[in-house]
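A look at the structure
Below, each chain spelled out in residue letters.
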Amino acid sequence: MRFDDLRRHHPEHPGPAASRLDRDLPLLRELGAGLTGRHLTAGRDRRATAEEYRLRPPSPVTAVVLTRDEEAAIGPCLRALAADADRVLLIDSGSTDRTVQVARAQGLPVQVVHAPWRDDFSHHRNLAFRHPRPGWFLHVDADEVLAPESAGAVRRALTLLDLLFPDAGLAGCPEVRDIGRPAGAFPARAVRAAGALRFRGRVHERPYDRDGEAPDTVRLDVRFDHHGHRPEAVARHRKLPAYAELVDRCAAEEPDNPKWLYYRTQAALLGPLRPDRARSLYRELARALDELPTDAPGYWSERRGDSWALLCDLALRFGGAAEIADRTAQLERAARRAEAVLYRSLAAAGAAFRTLSGVVDAIEELRPRERPQDSRRAGTLYELEALAALAGGRHRELRSALVRATAAGAGAGVRAELARLRRITQGQEQESGGPRPPGHRRVKSDE
């Protein structure tokens, strides 16, 4: 039996009498391709698997928390883990406040490892493996709090993974959601304490095997709320400049690794970016990607697809239609069709807006010098300008063009379109559609 078979026969809405397996299977929200078709070792069929899971004791879990001056955050972080962790391994990098004392007062056994900060998050996470524990290491940042509705779910999900995939080098990925945002990321945070996976990267660290390949991952239906991106926390810890410095160090140490260029370019897009600078960043990242071997391990290639999307973002900044066509084709081949459609559509919309804006500019340039010989053509001209201004977002020109069209006995179509848009935005009309050209008449379905 494979995991796909197990999930295929899972009841959509397990009732109160459902087995422990039926209740907990949805916690394994999404499995990597290397796991879904894998033969399970837990039992020969679903019934045997459910019975073995019913009798199985909870897996041991050690929470690994990196701290430095987290006195205010560490209490809520550890209290929320009471049902999911047996103990805490606190990797403290020289706290000068009461972080350690507060951590020890939360009820979970706490072992403190004092380690001076080395500008390397992976190094500090990997210190946990020097202190062997049974079961799993669950890496939690001090400014993350397990959501109340997820209490107990982490341990249950990891116990189920131990049953179904006892020998797999996999990583569990809970959702980590910034406060105030509707969705979050799924970083690899749960790894087997006795496994071969180790974190790599001074920043944006992830676990890899000895060859630098990323493990199969399992997205868990578990949520942590992240408080660290609140403005006061970012300012207090100088997070943005600190992360930028670490990315620059990584890029200097591994100049051929395009993922560091990806992170550096991603940060550059957060602010204003001139077209010439966008083109320069595009060329730098594109060169690194194009020179990357197709069989490069995950540590080097994991951001390849994201980088193609980022190149599209850059190309939009300098109007690179050919570049967008090339990179969206790569996204298509990587089964990232939604992003390919997005960037093609943005490029097409940009071209359309430029065309519409050109229509407005041409008429505006013409108007002071001459106008059509008769009022009917003048009205059509100014109504066309108004429609182009409306569709192209040139609202200042829209008003003046509509006044001129009205003076020439035209403009009724524009006024009707504006009234219709007003009804739609107020929820009074459901039909959608764009502005109609002058003289357009809606045809009823029975005509």
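Relevant structure appears above.
So, here is what we can say about the structure in this document. (Residues numbered from 1 in each chain as written. Predicted model: local features only at pLDDT ≥ 70, side-chain atom pairs only at ≥ 80, totals over all residues. Heavy atoms only, no water.)

Observations regarding the overall build of the chain
Along the chain, the regular secondary structure elements total 19 helices and 11 strands. Relative to its length of 447 residues, the chain is extended, with a C-alpha radius of gyration of 29 Å against a globular reference of 22 Å. Along the first, second and third principal axes, the C-alpha set of the chain runs to 90 × 55 × 45 Å. Looking at the 447 residues of the chain, the share that counts as buried comes to 45%. Counted over contacts in the chain with a minimum sequence separation of 6, partners at least 24 positions apart contribute 68%. (Helix = DSSP H or I, 4+ residues; strand = E, 2+ residues; numbered from the N terminus. Rg over C-alpha atoms; globule rule 2.2 N^0.38 Å. Buried < 20%, exposed > 50% of the residue type's maximum accessible area, 1.4 Å probe, protein only. Contact = heavy atoms within 4.5 Å.)

Let's talk about the nonpolar core
One finds Phe3, Leu28, Leu81, Leu90, Leu161, Leu164 and Phe165 to be the most contacted residues of the largest nonpolar core, which totals 51 residues. By residue number, the principal contributor to this core is helix α8 (residues 153-164), which donates eight residues. Discounting chain neighbours no more than four positions away, the residues touching phenylalanine 165 are Phe3, Leu31, Leu35, Arg38, Leu40, Leu170 and Arg192. Counting residues in each nonpolar core, the second largest holds 50 residues, with Val64, Ala128, Cys173 and Ala188 among its members. (Core = buried A, V, L, I, M, F, W, Y, C linked by side-chain atoms within 4.5 Å.)

Considerations on the side chain of threonine 62
Looking at the element boundaries, threonine 62 is found in strand β2 (residues 61-67). Apart from the residues lying within four places of it in its own chain, the contact partners of threonine 62 are Arg87, Leu89, Arg133, Trp136, Phe137 and Leu138.

Quick notes on the pattern of salt bridges
Across all of its chains, the model carries 35 salt bridges by this definition. Taking the shortest distance from any N to any O, the salt bridge between glutamate 339 and arginine 336 comes out at 2.7 Å. Of the residues examined, arginine 336 reaches a relative accessible area of 22% and is grouped as partly exposed. Close ionic contact of arginine 420 with glutamate 417 constitutes a salt bridge, the shortest N to O distance being 2.8 Å. Of this pair, arginine 420 and glutamate 417 both sit in helix α19 (residues 412-425), three residues apart, roughly one helical turn. Of the residues examined, arginine 420 reaches a relative accessible area of 3% and is grouped as buried. Classification of glutamate 417 as buried rests on a relative accessible area of 3%. Connected via shared salt-bridge partners are Arg125, Asp141, Glu144, Arg189 and Glu205. (Salt bridge = Lys/Arg side-chain N within 4 Å of Asp/Glu carboxyl O.)

Looking at the packing of helix α17 (residues 375-392) against helix α18 (residues 395-407)
A pair of packed helices can be characterised by two numbers: the angle between their axes and the separation between those axes. Contact geometry of α17 with α18 gives a least axis separation of 8 Å together with a crossing angle of 160°. Viewed along their axes, α17 and α18 adopt a mutual orientation that is roughly antiparallel. For the element pair α17 and α18, the recorded crossing hand is left-handed. Here Gly379, Tyr382, Glu383, Glu385, Ala386, Ala389 and Leu390 of α17 lie close against α18, whose contacting residues are His395, Glu397, Leu398, Ala401, Leu402, Arg404 and Ala405. Residue composition of the contact of α17 with α18, by class: eight nonpolar, two polar and four charged. (Axes fitted to C-alpha atoms, helices over the stretch in contact; angles between N-to-C directions. Parallel < 35°, antiparallel > 145°, perpendicular 65-115°, else oblique. Left-handed = near helix turned anticlockwise from the far one by under 90°. Nonpolar A, V, L, I, M, F, W, Y, C, P; charged D, E, K, R; others polar.)

Focus: α19
Three- or four-residue spacings in an α-helix give side chains the same orientation, since the helix completes a turn every 3.6 residues. For α19, with 14 residues, the first-to-last C-alpha span of 20 Å sits near the 20 Å given by 1.5 Å per residue. Looking at the packing, one finds that the buried side of α19 touches α17 and α18. Positive phi appears at glycine 427, one or two residues downstream of α19, with a value of about 80°. (Expected span 1.5 Å × (residues − 1).)

Focus: the packing of aromatic side chains
Inspection of the entire model under this criterion finds nine aromatic pairs. Measuring from centroid to centroid gives 6.2 Å for phenylalanine 3 and phenylalanine 165, while their planes differ by 40°, and the two rings are tilted. Of this pair, phenylalanine 3 sits in helix α1 (residues 3-8) while phenylalanine 165 sits in the loop between α8 and β7 (170-178); the two residues are 162 residues apart in sequence, bridging distant segments of the chain. Residue phenylalanine 3 is classed as buried on the basis of its relative accessible area, which comes to 0%. Between phenylalanine 129 and phenylalanine 137 the ring centres are 5.3 Å apart and the planes differ by 75°, which places this aromatic pair in the edge-to-face class. No difference in accessibility class separates phenylalanine 129 from phenylalanine 137, as the two residues are buried. (Phe/Tyr/Trp six-rings, centres within 6.5 Å; stacked < 30°, edge-to-face > 60°.)

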